[in-house]
Amino acid sequence: MNKVQALKISAGPQAQETLQSPELSLLSPPVREREHPCRTKSHLCSGLWQDPEWPAPVQSCAVLQALHQLYYDPNIENKNLAQKWLMQAQVSPQAWHFSWQLLQPDKVPEIQYFGASALHIKISRYWSDIPTDQYESLKAQLFTQITRFASGSKIVLTRLCVALASLALSMMPDAWPCAVADMVRLFQAEDSPVDGQGRCLALLELLTVLPEEFQTSRLPQYRKGLVRTSLAVECGAVFPLLEQLLQQPSSPSCVRQKVLKCFSSWVQLEVPLQDCEALIQAAFAALQDSELFDSSVEAIVNAISQPDAQRYVNTLLKLIPLVLGLQEQLRQAVQNGDMETSHGICRIAVALGENHSRALLDQVEHWQSFLALVNMIMFCTGIPGHYPVNETTSSLTLTFWYTLQHTEALLYGFQSIAETIDVNYSDVVPGLIGLIPRISISNVQLADTVMFTIGALSEWLADHPVMINSVLPLVLHALGNPELSVSSVSTLKKICRECKYDLPPYAANIVAVSQDVLMKQIHKTSQCMWLMQALGFLLSALQVEEILKNLHSLISPYIQQLEKLAEEIPNPSNKLAIVHILGLLSNLFTTLDISHHEDDHEGPELRKLPVPQGPNPVVVVLQQVFQLIQKVLSKWLNDAQVVEAVCAIFEKSVKTLLDDFAPMVPQLCEMLGRMYSTIPQASALDLTRQLVHIFAHEPAHFPPIEALFLLVTSVTLTLFQQGPRDHPDIVDSFMQLLAQALKRKPDLFLCERLDVKAVFQCAVLALKFPEAPTVKASCGFFTELLPRCGEVESVGKVVQEDGRMLLIAVLEAIGGQASRSLMDCFADILFALNKHCFSLLSMWIKEALQPPGFPSARLSPEQKDTFSQQILRERVNKRRVKEMVKEFTLLCRGLHGTDYTADY
């Protein structure tokens, strides 16, 4: 939603009396209102909130009507009016009352979510409005609501947890000294009406969002230090619980998953590494569970990557054997083409080596262990394959090799201070900042380290903006030195990201210097892209008029150059220039986002910012250059790289702007349709998927998106008829688009013009492709399609007619035609068939397994019968089905019981 300035809500005499009544508690139970016509969709009351002056007090019936208007009214003006009014309602005094009413059990989750969000806004931004004698009452009510929603809507539960987390941060440490310990104790109470697992998941959700809320909180700097210290102490109440839940065999997978995410959240508070030892070891053990693999990797990498971790050398040394112990799993993943597993293990190895190479190198008696780690990272660098098609790991290691070479101790001195000390409490840093401009830089290596040190201190500079002027001139000066390209540009990007609200006085100078170095082509392509991202962060904090003025100055030369290139005959040098310009624009739009000022900024002056009027500046620019981009496309449609660069501009803009991109949707849908009809490209499908994800549920945008979806589907089906084997990337993207459509807007499959039968048959064919990503995407489509059998008639019909063909393709893959790394994906299809088409599956699977030698000549009739019975019996536990499929595929391949698959 657009951020709207908080305005006072006028009220009539009776309402004013209510608002000003000193006896009215902020937290008093709301008086039940008379049933109002607006509570039903068929009898909307008018005039209650639609007057532009908002004369009525904010009552829950008015909020309900506005929400209904926002969600269901096809008129875009009415939706915008409702959205604007709701944003003001959330910050009005009455939000304390209607929030609780909206959370009542008879309300739908969307309504409850708004109520919970309003509570969070009031607590986080208007804490001073709450009388101290009502702290405990508010806390108790939030606990009650969280307990109730522990078995209800998850999105509402999360929002309530965030609200309670914000309250805890505001009360810690004085008013609520043992907040975390109290949360753990209350949710472990046996007299709760919620089952144990529900209470456990609710507690873990609360503990997960607490550190995240701290990171984004608007606490004053002096309070932030006190709360951080208090949270560090509270780790003692969290980590033992997480260890117990993670190591306990009876913990369900969903609980262990949540534990890892919770741990990952807490370690970002820079918890001492030695306090995390047991949990890190448990996370390493969890890497063997495919369902927990990604969460385990994230937790381990976050723990290892803390700058403060360098202090705990003994703990780091204990981690090396754990990382080296993953080498066999890494080799198996590479051998099986399992990119996700190899990528995750490589991230862990690189995190340890990249962040702590200096500390580990100093331990000379352990040189063999460090050498083994370096060899493991070298193995990751040499993983065979074509990046990024079937190999995505090698590039992760580049920074490690770069770090391993920086040789003089002095070069690390300044940087290590920023990386190893909690700079918010350090009296060394102001002196360091003052010293940096006086350093006599005698060589490029020292200058590089000075730049990286300034970059490492960017968060500190955000809290001490008066010091920015001491170092910013050095960074801008370094931008002109090609030898300092990486360090200077990355440092400017960090400063613009972290300190953007303090940079407007310097904006003109930063833009001018950046323009100059870009025009002189001092930097390589990747650094030019980083520089554009830095400028996007910088411009995001300016007023709209200033943004447009700077955008015009910044990109006009490139637009003029692009106009000239569009007139020329295509040739290789033209192509490089076009792709470069399009890349600069897309990277600028990736970070230029004016919609989050209110969330990102700290301090009371926030509410003085004027409300942005008119369209988003990025949309203004895109509309101005749209015809030019179409002209470029018309000459370069045959070139995948140019098409990808064009699509990247819009894809990154859509991801950043979200709803603000809405004015561009119709013309972009039309352009994508023409583009894909002429020459199908995967990048066009990926952009279509983004549009479906963000806008398909909006009634105003559904018609152009539906037309585009039907067009690209028709073109792709034609491509299948001609032979799709040469286009695995298109098939991959098409399957992902279909899955997204089913997930986000199943109505797209209700259109009579969509040949669901042909789509189904093409997806079955894609299951047999040799490319693992394409097969995985196809499996994802079927796992989204099969649950729709009952609600979408055309889907149910095609599954009845052709579902047996799907089952045979799945059994062939399990029988040995597909990589073993994909077995979980095929197990998901079997599970979905069993859950949603049980009667059909029970008939199909017996018939399909009847022929001798199918799906493998190594199977006996008894083994096939056992497998079919096991599958049909298991309709609840997906993990068990995955285990069955893994066992069965080993039998099919003659590998069951061999040493080769002992850890499979």
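Residues numbered from 1 in each chain as written. Predicted model: local features only at pLDDT ≥ 70, side-chain atom pairs only at ≥ 80, totals over all residues. Heavy atoms only, no water.

Colleague: How would you summarise the overall build of the chain if you had to cite specific residues and measurements?
Modeller: Across its full length, the chain holds 42 helices and 0 strands. A total of 904 residues make up the chain; the buried ones form 55% of that total. Carbon together with sulfur atoms contributes 53% to the accessible area of the chain, which is approximately 39,500 Å² in total. (Helix = DSSP H or I, 4+ residues; strand = E, 2+ residues; numbered from the N terminus. Buried < 20%, exposed > 50% of the residue type's maximum accessible area, 1.4 Å probe, protein only. Areas by Shrake-Rupley, 256 points an atom, 1.4 Å probe, with all protein chains shown as cover.)

Colleague: Account for helix α25 (residues 507-519), with residues named and values stated.
Modeller: Under the 1.5 Å per step criterion, the end-to-end length of α25 is 18 Å for 13 residues, consistent within 8% with the ideal 18 Å. Of all the positions in α25, only Ala-507, Ile-510, Val-511, Ser-514, Gln-515, Val-517 and Leu-518 are classed as buried. Following α25 by one or two positions, Gln-521 has its phi on the positive side, about 55°. (Expected span 1.5 Å × (residues − 1).)

Colleague: Help me get a handle on the confidence of the model for the chain, residues and values and all.
Modeller: Residue-level pLDDT values for the chain average 82, and 85% of them are 70 or greater. Low confidence marks residues 1-56, where pLDDT is under 50. Its contacts with residues over four positions away, or in another chain, come to 113 contacts. Taken together, the stretch residues 407-414 has pLDDT below 50 and engages in 13 contacts with residues farther than four places along the chain or on a different chain. (pLDDT = per-residue confidence, 0-100. Contact = heavy atoms within 4.5 Å.)

Colleague: Would you mind going over the pattern of salt bridges in detail, with residue names and values included?
Modeller: A complete count under the given rule lists 29 salt bridges for this structure. For Arg-725, the salt bridge identified is with Glu-771, shortest N-O distance 3.4 Å. With Arg-725 in the loop between α34 (702-722) and α35 (728-744) and Glu-771 in the loop between α36 (756-766) and α37 (772-785), the pair connects residues that are 46 residues apart, well separated along the chain. A relative accessible area of 25% places Glu-771 in the partly exposed class. It is possible to trace a salt-bridge network through shared partners that takes in Arg-256, Asp-289 and Arg-879. (Salt bridge = Lys/Arg side-chain N within 4 Å of Asp/Glu carboxyl O.)

Colleague: Please set out unusual backbone geometry residue by residue, giving values where relevant.
Modeller: With omega at -5°, the peptide bond leading from Met-172 into Pro-173 counts as cis. On the secondary structure map, Pro-173 appears in the loop between α7 (154-171) and α8 (179-187). Backbone torsion omega between Phe-854 and Pro-855 reads 0°, so that peptide bond is classified as cis. Topologically, Pro-855 is positioned in the loop between α40 (838-848) and α41 (861-873). A positive phi is found at Gln-521, a non-glycine position, where the angle reads about 55°. The residue Gln-521 is located in the loop between α25 and α26 (525-540) in this model. On the basis of relative accessibility, which here comes to 66%, the residue Gln-521 falls in the exposed class. The backbone of Leu-658 sits at a positive phi, close to 50°, despite the residue not being glycine.

Colleague: Just give me the short version of the side chain of Thr-713, but keep the residues and values in it.
Modeller: Relative to the helices and strands, Thr-713 resides in helix α34. Note on Thr-713: relative accessible area 1%, which makes it buried. Ignoring anything within four residues of it in the chain, the contact list for Thr-713 reads Phe-734, Leu-754 and Val-759.

Colleague: Help me get a handle on the environment of Thr-889, residues and values and all.
Modeller: Among the secondary structure elements, Thr-889 is positioned in helix α42 (residues 878-893). A sequence separation of 71 residues divides Thr-889 from Ala-818, and the C-alpha atoms of the two residues are 9.8 Å apart.

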